[in-house]
Structures are given as structure tokens and as C-alpha cells.
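Structure at a glance
Okay, here's what each chain looks like letter by letter:
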Amino acid sequence: QVQLVESGGGLVQAGGSLRLSCAVSGSVFSINAMGWYRQAPGKQRELVAQITSGGGINYADSVKARFTISRDNAKNTVYLEMNSLEPEDTAVYYCNADLRRFSFTASRDYWGQGTQVTVSS
């Protein structure tokens, strides 16, 4: 069984920093893109940042220059370093991984359980 295990959320004041981690547990054949999404109350889930297996990176415009995504392929882990946090960043953050469990299966999306990030003004 494959699970995405997230950690690092919490409460922080505006201007502060947090670091999220997400580790893929269980045996997998390969992991393609990994990323972070967020969903604020009453809003749709949106992409925050994504990183491909080759290191290509994509950020939402609202977080560029403040957030940094990285991954450790040896540990099957993706990180999100969040700096200069704003109250508008308050949301549940979800880890996502597009992966193949076996060589003979197609890749599909897996999701973490979500971690709350709250930024107070």
C-alpha cells in the first residue's frame, strides 16, 4: 500500500516561515511529478508548486519568490519551504504524487491527508 505522509503544518504569524514535508511510504516503481496543492475554505483546490522527476519546477503566481519546492529522490520526499507567509496563504495543504506502483501499471495520482497552515495577521 502506498501512502503520502505529510508533516510541518501549523500556526504562524504573518511574515513567518514554515516547511512542509511529504514522504511516499510503500514500495513504488517510479515517481514522476510531485507537488503541493492547497484549499482554503469556500475555495477550490489550487496548485501551489510542482516539481518533475527531472527537476522542472512550476509555481503559482501568488507564491513565486516566497515559496521553494524541492525533492529528495533517494527518500521519495518532497518539501515546500514557505517564507514571508501571508494570511491569504491560510489553507489545508495537500501533497500530490504521480507515480507507478509497478512496472506493468500506469501512473496515477496519489494524495496526502492534508496539513493545516494558518497564518495570523
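Refer to the preceding data block for the structure.
For the structure given in this document, a descriptive report is provided here. On a predicted model such as this, the values are computed, not experimentally measured, just so you know.

**Structural notes on the overall build of the protein**
When helices and strands are counted, the protein shows 0 helices and 11 strands. Each helix and strand of the protein, placed in order from N terminus to C terminus, yields the pattern β-β-β-β-β-β-β-β-β-β-β. Over its C-alpha atoms, taken along the principal directions, the protein stretches across nearly 50 × 25 × 25 Å. Counting across all 121 residues of the protein, residues that qualify as buried make up 41%.

**Here's the deal with the side chain of Thr77**
Tracing the chain through its elements places Thr77 in strand β8 (residues 77-82). Taking relative accessible area as the criterion, Thr77 reaches 8% and is therefore assigned buried. Reaching out from Thr77, the side chain makes a polar contact with the backbone oxygen of Lys75 at a distance of 2.9 Å. Once you skip the residues sitting within four places of it in the chain, Thr77 turns out to touch Cys22, Ala23, Met34, Ser70, Arg71 and Asp72.

**A closer look at the nonpolar core**
Val24, Trp36, Leu80, Met82 and Tyr93 are the most contacted members of the largest nonpolar core, which totals 32 residues. Those elements that place two or more of their residues in this core are β3 (18-25), β4 (30-39), β5 (46-51), β7 (67-72), β8, β9 (91-100) and β11 (115-120). Broken down by element, the residue count for this core peaks at 5 residues, all from β9. Excluding its chain neighbours within four sequence positions, the residues that come into contact with Val24 are Val2, Gln3, Leu4, Ile31, Met34, Asn76, Ala97 and Leu99.

**What to know about the environment of Phe102**
Locating Phe102 in the fold gives a position in the loop between β9 and β10 (108-111). For Phe102, a relative accessible area of 38% gives the class partly exposed. Put simply, Phe102 and Phe29 are 73 residues apart on the chain and 4.9 Å apart in space, counted from C-alpha to C-alpha.

**What about the environment of Ile57?**
In this structure, Ile57 sits in strand β6 (residues 57-59). The partly exposed category is assigned to Ile57, whose relative accessible area is 41%. Once the C-alpha coordinates of Ile57 and Ile69 are considered, the two residues, 12 residues apart in sequence, prove to be 7.7 Å apart. Apart from residues no more than four positions distant in its own chain, Ile57 is found in contact with Gln50, Ile51 and Ile69.

**Regarding unusual backbone geometry**
At Ala65, a residue that is not glycine, the phi angle is positive and equals roughly 75 degrees. Of note, Ala65 is situated in the loop between β6 and β7. Among the residues examined, Ala65 registers a relative accessible area of 87% and is labelled exposed. Even without being glycine, Asn76 reaches a positive phi, approximately 50 degrees. Tracing the backbone shows Asn76 in the loop between β7 and β8. With a relative accessible area of 23%, Asn76 lands in the partly exposed category.

Procedures and definitions
Residues numbered from 1 in each chain as written. Predicted model: local features only at pLDDT ≥ 70, side-chain atom pairs only at ≥ 80, totals over all residues. Heavy atoms only, no water. Helix = DSSP H or I, 4+ residues; strand = E, 2+ residues; numbered from the N terminus. Buried < 20%, exposed > 50% of the residue type's maximum accessible area, 1.4 Å probe, protein only. Polar contact = N/O pair within 3.5 Å; in protein donor to acceptor, adjacent residues only side chain to side chain. Contact = heavy atoms within 4.5 Å. Core = buried A, V, L, I, M, F, W, Y, C linked by side-chain atoms within 4.5 Å.

Read these as geometric descriptors, not functional statements.
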